[in-house]
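Residue-level structure breakdown
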Amino acid sequence: MEEAEDPYYVTMYYPGSVYVDMSDVVPPEVRPKPAVPAKPPNVGAPSPSSPFPPQGPGIGGGVGVPAPLPSGIPVPIGSHASGASHGIGHGVGHGAGNSGGHAAAHSGGHGHTGSHSSGGGSTLLGYIGIDTIIEQMRKKTMKTGFDFNIMVVGHSGLGKSTLVNTLFKSQVSRRSAGWSRDDKIPKTVEIKSVSHVIEEGGVKMKLTLVDTPGFGDQINNDNCWEPIFKYINEQYEKFLKEEVNITRKKRIPDFRVHCCLYFISPTGHSLRQLDIEFMKRLSHSVNIIPVIAKADTMTIEERQDFKQRVRKELEMSGIEFYPQKEFDEDMEDKSDNDKIREAMPFAVVGSDKEYQVNGKRVLGRKTAWGIVEVENPNHCEFAQLRDFLIRSHLQDLKEVTHNIHYETYRAKRLNENGGLHPISSNGTQESNL
């Protein structure tokens, strides 16, 4: 091999190979740079701290664009350049991770290019479109819609229907669906549900309200929680039967109770024994959120004292209300949920009537000394309850219902039946569920 005076003009000859004049090789200093693909708008440049320099198309991508060669290094004609020309033959099939290393192996070289990831994170060199996953999920869920099932429990006169109408700013309660004030109080607890499709901002949600008339209204209220407990388990049972079917629906109808609002009378003294027994027996089957009804009947000092007394009694009775501490996933959730737990039970006021206050139309209750504004945090804690129930924890309520309460029921039922039953000869699955 003879070297020219100029290191960039090299003449090489190997036996059996074609004589090539390298004087046509353009020095890397004057070689045109590879074209960089246009970046979509609003996409940031690669991080300056990225260990990988920006590269042109085909570098590690398997389309065969040669990589710039170091200056002054002769390249034997007829052998494979590491990570460059061999990409034409093999890079297309092997993709970005294999083109460089595969070419090096054929050229007699050793080592790896570093394109392979071994369990660690990788920095993207250009825009791919992963961030569109959120938009894809949003479009999908917008088409299917949402389900939310809420149960209200408490004796008559605590404003359960009014509060639910206030929460959703719509006539969604059972009373709005045809129940009249002339109806007699049932002798036993009855379960009545009504469903509505409500829409806001293009988002549709099927809301099912489950009411429990007759709860706590009798002289003898022994075991009055049993019809409620039975109803909750029946919804789990229906969902389980749909799950174990061989041919099941694409989307199983969900009527499981996601949230139970338990209304506490504003006595200002302590919880009734019925309140303690109900929450103790159902806290492991449904998400219970205790609220103090008609909080405008107490002064601010009385309300704070009553809230502290209720929290202490719940703790002494071993009653866990939502959100439970063991369900906090990280420190951020724990910090947010601790603030909520300290504010519970929420002292609320409900009203579906509007009044003029300081030139604004507000929901409120008119009294002899003024108007109690429902959405004013200085008057009651309705706004905190609504934000907690709908704006921040609605999806979590559904997930806890499915992953905790329903899974507990499901495991118990399958253990009782010795697992899933085998498929019968007629092609259907036999089950004792």
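Residues numbered from 1 in each chain as written. Predicted model: local features only at pLDDT ≥ 70, side-chain atom pairs only at ≥ 80, totals over all residues. Heavy atoms only, no water.

Following the criterion strictly, the structure yields 18 salt bridges and no others. Between Glu 381 and Lys 307 there is a salt bridge, with the nearest N and O atoms lying 3.1 Å from each other. Remark: Lys 307 occurs in helix H7 (residues 300-316) and Glu 381 occurs in the loop between strand E12 (370-373) and helix H9 (382-392); sequence separation between them is 74 residues. You'll find Glu 381 and Lys 307 in the same group, each marked buried. Linking Glu 407 and Arg 410 is a salt bridge whose minimum nitrogen-to-oxygen distance equals 3.6 Å. Residue Glu 407 and its partner Arg 410 are both found in helix H10 (residues 394-416); the two are separated by three residues, about one turn of the helix. In this structure Glu 407 comes out as partly exposed when scored by relative accessible area, which is 29%. Accessibility expressed as a relative area gives 29% for Arg 410, which makes it partly exposed. (Salt bridge = Lys/Arg side-chain N within 4 Å of Asp/Glu carboxyl O. Helix = DSSP H or I, 4+ residues; strand = E, 2+ residues; numbered from the N terminus. Buried < 20%, exposed > 50% of the residue type's maximum accessible area, 1.4 Å probe, protein only.)

Within a beta sheet, neighbouring strands are joined by backbone hydrogen bonds and run either parallel or antiparallel to one another. With antiparallel pairing, the three strands of this open sheet are ordered in space as E10-E11-E12. For this open sheet the edge positions go to strand E10 (354-357) and E12, each flanked by a neighbour on one side alone. Strand-to-strand twist across the sheet, computed as the mean angle between neighbouring axes with direction ignored, equals 70 degrees. Here strand E11 (residues 360-367) pairs with E12 via four bridges, running antiparallel. Within E12, the position partnered with Thr 367 by the bridge is Gly 370. (Pairing = 2+ DSSP bridges. Axes fitted to C-alpha atoms, helices over the stretch in contact; angles between N-to-C directions.)

Turning our eyes to something else, we now look at the sheet that holds strand E5 (residues 192-200). The strand order E5-E6-E4-E7-E8-E9 describes an open sheet built from six strands, whose pairing is mixed. The sheet is open, and its two edges are formed by E5 and strand E9 (346-347), each paired on a single side. By the bridge criterion, seven bridges tie strand E4 (residues 146-153) to strand E6 (residues 203-211) in an arrangement that is parallel. Within E6, the residue paired with Asp 147 across the bridge is Lys 206. Contacts from helix H6 (residues 273-282) reach E4, strand E7 (259-264) and strand E8 (288-292) within the one sheet, and its direction differs from that of E7 by about 165 degrees. Packing of H10 onto the sheet brings it into contact with E4, E6 and E7, and relative to E4 it is tilted by some 85 degrees. (Contact = heavy atoms within 4.5 Å.)

Quick look at a positive patch on the surface now. Among the surface-exposed residues, Lys 139, Lys 140, Lys 143 and Lys 250 lie close enough to one another that they form a single positively charged patch. Within the secondary structure, Lys 143 is located in helix H3 (residues 133-144). (Patch = residues over 30% accessible without salt bridge, like charges linked within 9 Å, V, L, I, M, F, W, Y side chains within 5 Å. Areas by Shrake-Rupley, 256 points an atom, 1.4 Å probe, with all protein chains shown as cover. Lys, Arg positive; Asp, Glu negative; His and termini not counted. Charge placed at Lys NZ, Arg CZ, Asp CG, Glu CD.)

This paragraph deals with the nonpolar core. Leu 261, Phe 278 and Ile 289 are the most contacted members of the largest nonpolar core, which has 75 residues in total. For this core, the element with the most residues is helix H5 (residues 226-244), which contributes seven residues. (Core = buried A, V, L, I, M, F, W, Y, C linked by side-chain atoms within 4.5 Å.)

Together, Glu 329, Asp 330, Glu 332, Asp 336 and Glu 399 give the surface a local cluster of negative charge. Mapped onto the secondary structure, Asp 336 falls in helix H8 (residues 331-343). For Asp 336, a relative accessible area of 37% translates into the label partly exposed.

Note that E5 and E6 share nine bridges and pair antiparallel. Residue pairing in the sheet places Ile 198 in a bridge with Met 205 of E6. Counting the residues between successive antiparallel strands, the hairpin from E5 to E6 contains two residues, one of them, Gly 201, with a positive phi of roughly 60 degrees.

For the peptide bond that leads from Tyr 322 to Pro 323, omega is 0 degrees, which places it in the cis range. Positionally, Pro 323 belongs in the loop between H7 and H8. Cis geometry is adopted by the peptide bond preceding Pro 345, which originates at Met 344 and carries an omega value of 0 degrees. Here Pro 345 is to be found in the loop between H8 and E9. Its identity is not glycine, yet Lys 294 carries a phi of approximately 50 degrees, on the positive side. Its location among the elements puts Lys 294 in the loop between E8 and H7. For Lys 294, a relative accessible area of 32% puts it in the partly exposed group. Phi at Asn 358 is positive, roughly 55 degrees, even though this residue is not glycine. Among the residues examined, Asn 358 registers a relative accessible area of 77% and is labelled exposed.

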